[in-house]
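Here's the letter readout for the chains.
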Amino acid sequence: MKSFSITDTGRVRNNNQDCVLCEENAVGCFPNLFIVADGMGGHNAGDTASKMCVRVVSEQISISEKRTPVGVFEEAVMVANQQIHRSANENVDYAGMGTTMVATTIFENVAYVVNVGDSRLYQYSGELKQITVDHSLVEEMVQSGELRKDEMRTHPNKNIITRALGTDTSVRPDCFEIGVKQGDVLLLCSDGLSNMLEDEAMEEVLKKNGDDLEQAARTLVDQANEAGGKDNISVVLISI
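The notes below deal with the structure included here. Quantities reported herein were computed from a predicted structural model and do not represent experimental measurements.

## Here's the deal with the packing of aromatic side chains
Each aromatic ring pair is summarised here by two numbers: the centre-to-centre distance and the angle between the ring planes.
Move 1: Under the definition given, this model contains 3 aromatic pairs.
Move 2: Centroid distance F107 to Y112: 5.6 Å. Interplanar angle 90°. Geometry classified as edge-to-face.
Move 3: Assessed through its relative accessible area of 28%, F107 is described here as partly exposed.

In structure tokens:
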């Protein structure tokens, strides 16, 4: 397995509220751990929320006594949500803060995935496939038939998320289990990438640079910036 991560402020925002973890070594019972968190909130609150998410999730995984990867992930998300929510209530500077999160761990030929919000995980096996489902208003509109999938990126309400860590006393993550094989590439990203680039453009980058994860990741960030760079951009690439 090889991996590479990069996070970029973009061309519009003044600070980077994304946080990533790219750990190829064991974290608790997990053989590896990869996370992208995209914070939200004024001042430094979003930055605080995303960093707290990555820290607490990884710490909880390292001490968890749960027996299944899904159980470990669900427990870690619950604990992180509680801590972020408590900090938001105790500190006026952090009021209303929250964060999205997508994470994965890979056991040989199986990847376990968890997500809250609209940060995504894709699987590339010759073609790009979105695995996670956004917790967002526009995704709900797509599911109900009000909106086409290709209209999501340009919809005026594309940034309204319906689920996040820290915004309520509890949160329900989605969990996925997918088969992976040698040559596959997993892409984790914040919406600063997926809102700027069509899936076809991301697929083309991986097709051309799939053997060079650093080049692929930097190209994705560059193209997102060239398209406007309206948000922070985070990318984690994992080659099986």
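## Structural notes on the pattern of salt bridges
Move 1: Counted under the stated rule, the structure contains 9 salt bridges.
Move 2: A salt bridge links D184 to K181; the shortest N-O distance between them is 3.2 Å.
Move 3: Here D184 falls in the buried class, since its relative accessible area comes to 2%.
Move 4: Measuring nitrogen to oxygen at the nearest pair gives 3.6 Å for the salt bridge that ties E203 to K207. With E203 and K207 both in helix α5 (residues 199-209) and 4 residues apart, the pair spans about one turn of that helix.
Move 5: Overlapping salt bridges bring together R163, R172 and D174 as one network.

## Looking at the nonpolar core
Move 1: Counting residues in each nonpolar core, the largest one holds 31 residues, and the members touching the most others are V57, I61, F73, M101 and L165.
Move 2: Counting residues per element, the ones that place at least two in this core are β3 (33-40), α1 (45-63), α2 (69-90), β4 (98-107) and β5 (110-116).
Move 3: In this structure, I61 is in contact with V27, G28, C29, F30, L33, V72, F73 and A76, ignoring residues within four places of it in sequence.
Move 4: Counting residues in each nonpolar core, the second largest holds 23 residues, with F4, L128, L220 and A224 among its members.

## Observations regarding the sheet that holds β3
Move 1: On the basis of which strands lie adjacent, the open sheet formed by 5 strands has the order β2-β3-β4-β5-β8 and antiparallel pairing. Strands with a single pairing partner mark the edges of an open sheet, and in this sheet they are β2 (18-23) and β8 (174-179). In this sheet, neighbouring strand axes are inclined to one another by 10° on average, regardless of whether the strands run parallel or antiparallel.
Move 2: Of the strand pairs in this sheet, β2 and β3 are connected by 6 bridges, and their pairing is antiparallel.

## Thoughts on the pairing of strand β10 (residues 233-239)
The two faces of a sheet get side chains in turn, since along a regular strand they alternate between them.
Move 1: β10 sits mainly inside the fold: 7 of its 7 residues count as buried.
Move 2: Of the two faces of β10, the one lined by I233, V235, L237 and S239 and the one lined by S234, V236 and I238 are each fully buried.
Move 3: Pairing geometry for strand β1 (residues 2-8) and β10, over 7 bridges, is antiparallel. Each bridged residue has a counterpart across the sheet, and for D8 the counterpart in β10 is I233.

## Some thoughts on the side chain of S194
Move 1: Tracing the backbone through its elements, the reader meets S194 in helix α4 (residues 191-194).
Move 2: The contact partners of S194, leaving out residues within four places of it in the chain, are R120, Y122, R153, C189 and M202.

## Remarks on the side chain of R120
Move 1: Tracing the sequence through the fold places R120 in strand β6 (residues 120-124).
Move 2: Of note is the side chain of R120, whose polar atom sits 2.7 Å from the side chain of Y122.
Move 3: Polar contacts involving the side chain of R120 include one to the side chain of D134, which spans 2.7 Å.

## What about the sheet that holds β6?
Move 1: The 5 strands lie next to each other as β1-β10-β9-β6-β7, forming an open sheet whose pairing is antiparallel. Every interior strand has two partners, whereas the edge strands, β1 and β7 (128-130), have only one. Between one strand axis and the next, the sheet turns through 20° on average, direction left out of account.
Move 2: Examined bridge by bridge, β6 and strand β9 (residues 185-189) share 5 bridges and lie antiparallel to one another. Residue pairing across strands places R120 opposite C189, the latter belonging to β9.
Move 3: Running over the sheet, α5 touches β6, β7, β9 and β10 and is turned about 50° from β6.

Analysis parameters
Residues numbered from 1 in each chain as written. Predicted model: local features only at pLDDT ≥ 70, side-chain atom pairs only at ≥ 80, totals over all residues. Heavy atoms only, no water. Phe/Tyr/Trp six-rings, centres within 6.5 Å; stacked < 30°, edge-to-face > 60°. Buried < 20%, exposed > 50% of the residue type's maximum accessible area, 1.4 Å probe, protein only. Salt bridge = Lys/Arg side-chain N within 4 Å of Asp/Glu carboxyl O. Helix = DSSP H or I, 4+ residues; strand = E, 2+ residues; numbered from the N terminus. Core = buried A, V, L, I, M, F, W, Y, C linked by side-chain atoms within 4.5 Å. Contact = heavy atoms within 4.5 Å. Pairing = 2+ DSSP bridges. Axes fitted to C-alpha atoms, helices over the stretch in contact; angles between N-to-C directions. Polar contact = N/O pair within 3.5 Å; in protein donor to acceptor, adjacent residues only side chain to side chain.

Everything listed here is a matter of geometry and, on its own, says nothing about what the molecule does.
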